[in-house]
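Residue-level structure breakdown
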Amino acid sequence: MKEFEKDNWDLKARQLADAFQPTPDAAVWLNVEAALKPKKNRRGIFFWLFSFVGVAGVVYGGVTLYLLNAGDQYQSLNKQSENFKVETVVANNNSSEVVKSVPTVTQQKSEQVAAIKSTTENSPLNIQERKIIPSKKQSEIFELKTVVKNNELEEILDFIVTDVADLNIIKPLNPFAFCGLNFKEEEWRTLPPDIILNKHSGKKNSRWMLFASTSYMKQHSVLKSNDTIQTFEKQNANYFDGSLHLIYQFPKAKNLELNFGLGFYELNQNYSSSKVKTIMEFDTTSSGIPFISMDKFTDLATGSEFSRNVFFDFGSGIPIVACRNICWNISTGIRTEYLRKYSSTSGASIPSNFALNSLFSLEDISTKEQNRFYLKALLNTSVRYSFSKHFSIQSGINSSYAITDRYKKSSTLHQRDVNYGLNAGLIYRF
Amino acid sequence: MTESDGELVQFSLKGNAQAQKRLYELFASKMNGVCYRYAGNGEDARDILQEGFIKVFTRLKSFKGDGPLEAWIRRIMVNTALDFIKARSKNLFEDEEKIDVKNHATNPEVMNKLQSEDLVNCISKLPEGFKAVFNLYAIEGFSHKEVGTMLGITESTSRSQYTRARTKLEQIIQLRFKVKEYERV
């Protein structure tokens, strides 16, 4: 400290300056108070996102297992029915043959048969006799039941079977019938529904699909300088993207597909004026003792950037059959993006450590370093529903992560982007 | 540090909102004056004050209590203000005008009649670099060596800049005084 008291002019100036104490705007304290409130933990978003995916996965897996087990029971019951012989006997009824089902199996088998019968015995109708009547088509057979209703005999048609040799496929119990196509259960177990549809659609060699989709995404970015430990955050930005993917399903690998795609989106990202940054600086106490302080405090920078982005990506997916015409798809991939900046505004300064590196405003960063290529890692989980031979809809959750260098002059400035959002689209098989 | 300051700090560190507000109210006006001298306008002064107080509360744990709380807060405000004007002006000493440092002398009566608002307004008329050096050396009481370290200039540059700043300030004060006298007549 200098001996300024000896200088009357300085002394007078200091006294006058110290006497100047204007009352600050009331908004200042409100802003300070707001900044001091505990920050919302952003990791919470990811926690809930991944929790949601996890819970959805468990529920989905549970339903899948349940349905597949149900399929096992049907198959088991159908196999049991092969153990029955059908004997034809002539009855008093002249209009048709009266058929009587006679179990010729062991006691253990007959217990299982009793279990099947119990379902019909519980009905309000009392079964007296059972008849099998061929329909006009040779491959179809109806079972005619004669029942007692209101003390009168009445005949009703019950089960329909597709073929005498395939009595084990009983239509009302078959959960795998779809679009008029009777798929064998084994197919559903081993192939994605798209392939099965393709197999039955007359284009047996086709494995290609086009997937047009749109996503509603959120992006959060952090800028970080190599020279300092200071970070500079940008606000979340929301955007829609559109993309077109070509999907190839491997015929032999069954549960594997590749995808290649092109897409586009516009991004209008605001810079935050209230993000916490960390700074380490050399300071001294009022008594002149030096110390190094490392603290978090709020940055006041504001501004925005508008850019247009095109991307190309490729990846692989695993379609897992759930039931009927639904499959669960998990895919990962790499995306190359080209970002071009169109405009930017800068309302205030950037943190001083960036300024020391010859970057004096957000606009400097924006105008100098916007146009660039960078890579993104992709992760997608979605559900695909096939509603016809050629069309399916797919919807799911997209997420991606990117690290990119934005500035290479006196220092390197990294930008890290985390994107997450919902995706939905239409698939056309050709 | 007085006992009440110590209590305010302790309660503020525990997150007591009332203590934080009391601490703010205790120093807000004084620090607003400091910020205004560096910023040169009320709007920027408000931004600096806001950022400065956020720093104060987030760094309060590093206040050891071995000096007055006011001096510690003032130092944070000054550092914040310097960061602000450095970011605002790419080169603090780039466009300083040529000033004849030999011919300056403020009439002592002028200084005696000068009000605090007048002085601060005159300081705000100074170029950015002059303003920083004058505030740091004449008002805050730092040595030229300390001023040089804080502004990234040499000690001799700080000395010469201060001389020019003071000359320029006295010219502004004289001019303002004359205008006031004229208005009075």
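Residues numbered from 1 in each chain as written. Chains lettered and ligands numbered in written order. Predicted model: local features only at pLDDT ≥ 70, side-chain atom pairs only at ≥ 80, totals over all residues. Heavy atoms only, no water.

**Some thoughts on the overall build of chain B**
- Broken down by element type, chain B carries 9 helices and 0 strands.
- Starting at the N terminus and walking to the C terminus, you meet the elements of chain B as α-α-α-α-α-α-α-α-α.
- Going through the 185 residues of chain B one by one, you find that 56% of them count as buried.
- As displayed, chain B has an accessible area near 8700 Å², and 47% of this comes from carbon and sulfur atoms. (Helix = DSSP H or I, 4+ residues; strand = E, 2+ residues; numbered from the N terminus. Buried < 20%, exposed > 50% of the residue type's maximum accessible area, 1.4 Å probe, protein only. Areas by Shrake-Rupley, 256 points an atom, 1.4 Å probe, with all protein chains shown as cover.)

**Let's talk about the overall build of chain A**
- A count of helical and extended segments in chain A gives 8 helices and 18 strands.
- The burial tally for chain A puts 39% of its 430 residues in the buried class.
- Taking the intrachain contacts of chain A between residues at least 6 apart in sequence as the baseline, contacts between residues at least 24 apart amount to 65%.
- Of the roughly 23600 Å² that chain A leaves accessible, carbon and sulfur atoms contribute 59%. (Contact = heavy atoms within 4.5 Å.)

**Side note on the nonpolar core**
- If you look at the biggest cluster of nonpolar residues, it comprises 69 residues, and the most contacted ones within it are B:Phe53 and B:Phe134.
- Of the residues forming this core, the biggest block, 11 residues, is contributed by helix 2 (residues 17-39) of chain B.
- Filtering out sequence-adjacent residues up to four positions away, B:Phe134 remains in contact with A:Trp9, A:Ala13, B:Ile123, B:Leu126, B:Ile139, B:Tyr162, B:Ala165 and B:Leu169.
- In this structure, A:Met217, A:Ala237, A:Tyr239 and A:Phe311 belong to the second largest nonpolar core, which totals 9 residues. (Core = buried A, V, L, I, M, F, W, Y, C linked by side-chain atoms within 4.5 Å.)

**Thoughts on the environment of A:Phe311**
Residues and elements named next belong to chain A.
- Following the sequence through the fold, Phe311 ends up in strand 14 (residues 303-323).
- With a relative accessible area of 3%, Phe311 lands in the buried category.
- Beyond its immediate chain neighbours, meaning those up to four positions away, Phe311 contacts Asp241, Gly242, Ser243, Gly261, Leu262, Gly263, Phe264, Tyr265, Arg335, Thr336 and Glu337.

**Some details on empty space enclosed by the protein**
All names here are of chain A.
- Applying the stated criterion across every chain yields a total of 4 cavities of 30 Å³ or more.
- Considered as a void within the structure, the largest cavity measures approximately 390 Å³ in volume.
- Along its surface, the largest cavity is lined by 30 residues, and His245, Ser331, Arg335, Asn380 and Asn398 are the ones closest to its centre.
- Broken down by secondary-structure element, the contributors of at least two residues to the lining of the largest cavity are strand 8 (208-225), strand 10 (237-249), strand 11 (257-271), strand 14, strand 15 (326-346), strand 16 (372-386), strand 17 (391-408) and strand 18 (412-429).
- Each residue belonging to the lining of the largest cavity can be placed in one class, and the counts come to 7 nonpolar, 17 polar and 6 charged. (1 Å grid on protein atoms, 1.4 Å probe; cavity = no way out; pocket = protein on both sides within 12 Å on 5 of 7 lines; lining within 4 Å. Points joined across faces, edges and corners; volume = space filled by probe spheres on them. Nonpolar A, V, L, I, M, F, W, Y, C, P; charged D, E, K, R; others polar.)

**Regarding the pattern of salt bridges**
- All told, the structure shown has 15 salt bridges over all chains when counted by the stated rule.
- The shortest N-O distance in the salt bridge between A:Glu266 and A:Arg308 comes to 2.7 Å. Placement of the pair is A:Glu266 in strand 11 and A:Arg308 in strand 14, with a sequence separation of 42 residues.
- For B:Glu140, the salt bridge goes to B:Arg37, with nearest N and O atoms at 3.3 Å. With a gap of 103 residues between them, B:Glu140 in the loop between helix 7 (128-139) and helix 8 (144-151) and B:Arg37 in helix 2 connect regions that are remote in the sequence. Both residues of the pair, B:Glu140 and B:Arg37, belong to the buried class. (Salt bridge = Lys/Arg side-chain N within 4 Å of Asp/Glu carboxyl O.)

**Topic: the packing of helix 1 (residues 8-19) of chain A against helix 7 of chain B**
- Axis separation between helix 1 of chain A and helix 7 of chain B bottoms out at 9 Å; the angle between their running directions is 100 degrees. One way to sum up the angle between helix 1 of chain A and helix 7 of chain B is to call them roughly perpendicular. Contacts between helix 1 of chain A and helix 7 of chain B involve A:Trp9, A:Asp10, A:Ala13, A:Arg14 and A:Ala17 from the first element and B:Phe134, B:Tyr137, B:Ala138 and B:Ile139 from the second.
- Partitioned by chemical class, the residues of the contact of helix 1 of chain A with helix 7 of chain B number 7 nonpolar, no polar and 2 charged. (Axes fitted to C-alpha atoms, helices over the stretch in contact; angles between N-to-C directions. Parallel < 35°, antiparallel > 145°, perpendicular 65-115°, else oblique.)

**With respect to helix 8 of chain B**
Residues and elements named next belong to chain B.
- Buried residues of helix 8: His144, Val147, Gly148, Met150 and Leu151, and no others. Along helix 8, the residues classed as buried sweep out an arc of 165 degrees about the axis, all on the same side. More than 90 degrees from the buried face of helix 8, the exposed residues found are Lys145 and Thr149.
- In the segment just after helix 8, Gly152 is the residue with positive phi, at about 70 degrees. (Arc of directions from axis to C-beta.)

**Things to note about the packing of helix 2 (residues 26-36) of chain A against helix 3 (residues 42-58) of chain B**
- At a minimum axis separation of 9 Å, helix 2 of chain A and helix 3 of chain B run at an interaxial angle of 35 degrees. The handedness of the crossing between helix 2 of chain A and helix 3 of chain B comes out as right-handed. For the pair formed by helix 2 of chain A and helix 3 of chain B, the contact residues are A:Val28, A:Trp29, A:Asn31, A:Val32, A:Ala35 and A:Leu36 on the first element and B:Arg46, B:Leu49, B:Gln50, B:Phe53, B:Ile54, B:Phe57 and B:Thr58 on the second.
- Classifying every residue of the contact of helix 2 of chain A with helix 3 of chain B by side-chain character gives 9 nonpolar, 3 polar and 1 charged. (Left-handed = near helix turned anticlockwise from the far one by under 90°.)

**Here we look at the packing of aromatic side chains**
- Counted according to the given criterion, the structure contains 14 aromatic pairs over all chains.
- Plain terms: the ring middles of A:Tyr338 and A:Phe373 are 4.7 Å apart, the flat faces sit at 45 degrees to each other, and that makes the pair tilted. Taken together, the positions of A:Tyr338 in strand 15 and A:Phe373 in strand 16 put the pair 35 residues apart, joining distant regions of the chain.
- Relative accessible area serves as the criterion here: at 28%, A:Tyr338 is assigned to the partly exposed category.
- With relative accessibility at 60%, the residue A:Phe373 sits in the exposed group.
- Three or more aromatic residues joined by ring pairs make a cluster, and in this case those are A:Trp29, B:Tyr24, B:Phe53 and B:Phe57.
- Looking at B:Lys14, its charged tip hangs above the ring of B:Phe11, at a distance of 5.6 Å from the centre. (Phe/Tyr/Trp six-rings, centres within 6.5 Å; stacked < 30°, edge-to-face > 60°. Lys NZ or Arg CZ within 6 Å of the ring centre and 35° of its normal.)

**Quick notes on the confidence of the model for chain A**
Residues and elements named next belong to chain A.
- Summary statistics for chain A give a mean pLDDT of 66 and a share of 41% for residues scoring 70 or more.
- Within chain A, the element-level pLDDT minimum falls on strand 1 (residues 84-89), averaging 39, and the maximum on strand 10, averaging 90.
- Predicted confidence is poor over residues 80-110, with pLDDT under 50, and the contacts of this stretch with residues over four places away or in other chains come to 33 contacts. (pLDDT = per-residue confidence, 0-100.)

**Digging into the side chain of A:Asp417**
- Along the chain, A:Asp417 turns up in strand 18.
- For A:Asp417, the contacting residues outside a window of four places in its chain are A:Gln219, A:His220, A:Ser221, A:Tyr374, A:Ser400, A:Tyr401 and A:Ala402.

**Quick look at the environment of B:Thr58**
Residues and elements named next belong to chain B.
- Among the secondary structure elements, Thr58 is positioned in helix 3.
- A C-alpha to C-alpha distance of 8.8 Å links Thr58 and Leu13, two positions 45 residues apart in sequence.
- Only 2.8 Å separates the side chain of Thr58 from the backbone oxygen of Ile54, close enough to count as a polar contact. (Polar contact = N/O pair within 3.5 Å; in protein donor to acceptor, adjacent residues only side chain to side chain.)

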